[in-house]
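An overview of the molecular structure
Residue strings, one per chain:
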Amino acid sequence: MADWTGKVVLTTPRLLLRTFRLDDLPHYAALNADPEVVRYLGGIPLTREHSDSIAEWAQDVYATEGLGLMAVERREDGAFLGMCGLHHQQSYPDDVEVAWRFAREHWGHGYATEAATGWLDHAFGSLDLPRVISITDPPNVRSLAVMRRLGMIFDHEADIEDEGVVFRAVVYSITPERWYARREGA
């Protein structure tokens with residue numbers, strides 16, 4: 001049974017990275033139903049039920065693994081912006097992926113980079129991971145730009161399966177050494 005308390009896991013200067021609350025679900029469903037948001041995520045808008053099941057899965061992953069794709073809340077006004085976090089992508093079970101998905105009205109404000117930065121600090125600090133990957137479709141220039149701002153570098157291209165759908169993807173990665181060198185140079 002999922003815990004919908006909205007437990008804050010990490011904070012950044014502008015954001016709370018937390019588990020989902022039940023009142024997030026309509027907002028999450030709205031972004032998952034937006035054709036532009038899901039353009040590079042299979043291209044098919046999600047139903048409310050499918051969106052809710054992803055949030056419930058994320059809650060369960062956090063409860064069992066201490067990882068998960070968490071809700072992102074703007075600290076200033078409590079607005080739900082989207083989700084970001086760490087998880088095991090089924091095509092790369094030995095790696096941890098940092099991933100994000102934001103409502104379109106929140107694109108272009110640096111929220112994805114800021115949230116992912118918080119998760120990478122956690123990945124290489126508390127979790128002591130040897131590397132983190134991020135995966136996207138080759139034409140997804142917005143996500144590729146976030147990956148590059150994070151200091152991630154191209155790793156390889158591959159055919160990835162996600163929820164039964166196979167798509168061509170690019171995989172970027174970053175190691176703790178590269179992460180800390182980037183952070184010190186900033």
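Residues numbered from 1 in each chain as written. Predicted model: local features only at pLDDT ≥ 70, side-chain atom pairs only at ≥ 80, totals over all residues. Heavy atoms only, no water.

1. Points about the pairing of strand S1 (residues 8–11)
To keep things clear, this is the line we draw: Here, a strand pair is defined by DSSP locating no fewer than two bridges between the strands. Only DSSP runs of H or I reaching four residues or more are called helices, and only runs of E reaching two or more are called strands; each is numbered from the N terminus.
Where S1 and strand S2 (residues 15–18) come together, three bridges link them in antiparallel fashion. Paired with Leu10 across the bridge in S2 is Leu17. In textbook terms, the turn of a hairpin is the stretch between consecutive antiparallel strands, and for S1 and S2 this stretch comprises three residues.

2. Focus on the packing of aromatic side chains
Geometrically, a pair of aromatic rings is defined through the distance of the ring centres and the angle of the planes. What counts here: Only centres within 6.5 Å qualify two rings of Phe, Tyr or Trp (six-membered ring in Trp) as a pair; their planes then separate them into stacked at under 30 degrees, edge-to-face at over 60, and tilted for everything else.
If you walk through the whole model with that rule in mind, you get five aromatic pairs. Here the aromatic cluster, defined as three or more aromatic residues joined through ring pairs, consists of Phe20, Tyr28 and Phe80.

3. A few points about helix H4 (residues 141–149)
Where we set the bar: Throughout, exposure labels follow a simple rule: accessible area from a 1.4 Å probe, protein chains only, divided by the maximum for the residue type, with under 20% read as buried, over 50% as exposed, and the rest as partly exposed. Arc definition: it is the arc formed by the directions from the helix axis to the C-beta atoms. Note on definitions: a residue-residue contact is assigned when non-hydrogen atoms from the two residues lie within 4.5 Å.
Buried residues of H4: Ser143, Leu144, Val146 and Met147, and no others. Around the axis of H4, the buried residues are gathered within 155° of arc, so they sit on the same side. Those residues of H4 that are exposed and aimed more than 90 degrees away from the buried face are Val141 and Arg142. On the buried face of H4, the contacting elements are strand S5 (97–102), helix H3 (111–124), strand S6 (132–136) and strand S8 (165–174). Just past H4, the residue Gly151 takes up positive phi, approximately 90°.

4. A look at the nonpolar core
Test applied: We call a set of buried residues a nonpolar core when its members are Ala, Val, Leu, Ile, Met, Phe, Trp, Tyr or Cys and they connect through side-chain atoms within 4.5 Å of each other.
In this structure, Val98, Trp100, Phe102 and Val132 are the most contacted members of the largest nonpolar core, which totals 35 residues. Where this core is concerned, the elements lending two or more residues are S2, helix H2 (48–65), strand S3 (68–74), strand S4 (80–87), S5, H3, H4 and S8. If you tally residues by element for this core, the top one is H3, at eight residues. Ignoring any residue separated from it by four or fewer positions in sequence, one finds Phe102 in contact with Leu31, Val37, Val72, Leu81, Gly82, Met83, Cys84, Trp107, Tyr111, Ala112 and Ala115. By size, the runner-up hydrophobic cluster in this structure holds 15 residues, among which are Phe20, Ile54, Ala71 and Phe80.

5. Section: the pairing of strand S7 (residues 153–162)
Here S7 pairs with S8 via nine bridges, running antiparallel. Bridge pairing in S8 links His156 to Val171. Two successive antiparallel strands, S7 and S8, enclose a turn made up of two residues, where Glu163 displays a positive phi of approximately 55°.

6. Topic: the pattern of salt bridges
The following threshold applies: Between Lys or Arg on one side and Asp or Glu on the other, a salt bridge is scored when a side-chain nitrogen of the former is within 4 Å of a carboxyl oxygen of the latter.
The tally for this structure, following the rule as stated, stands at 13 salt bridges. Among the salt bridges present, the one from Asp24 reaches Arg18, with a minimum N-O distance of 2.7 Å. Assessed through its relative accessible area of 2%, Asp24 is described here as buried. Under the relative-accessibility criterion, Arg18 is labelled buried at 1%. When the shortest N-O distance is used, the salt bridge between Arg21 and Glu73 registers 3.2 Å. Highlighted residues: Arg21 in the loop between S2 and helix H1 (25–33) and Glu73 in strand S3, separated in sequence by 52 residues. Taking relative accessible area as the criterion, Arg21 reaches 25% and is therefore assigned partly exposed. Each of Arg18, Arg21, Asp23, Asp24 and Glu73 takes part in a single network of salt bridges with overlapping partners.

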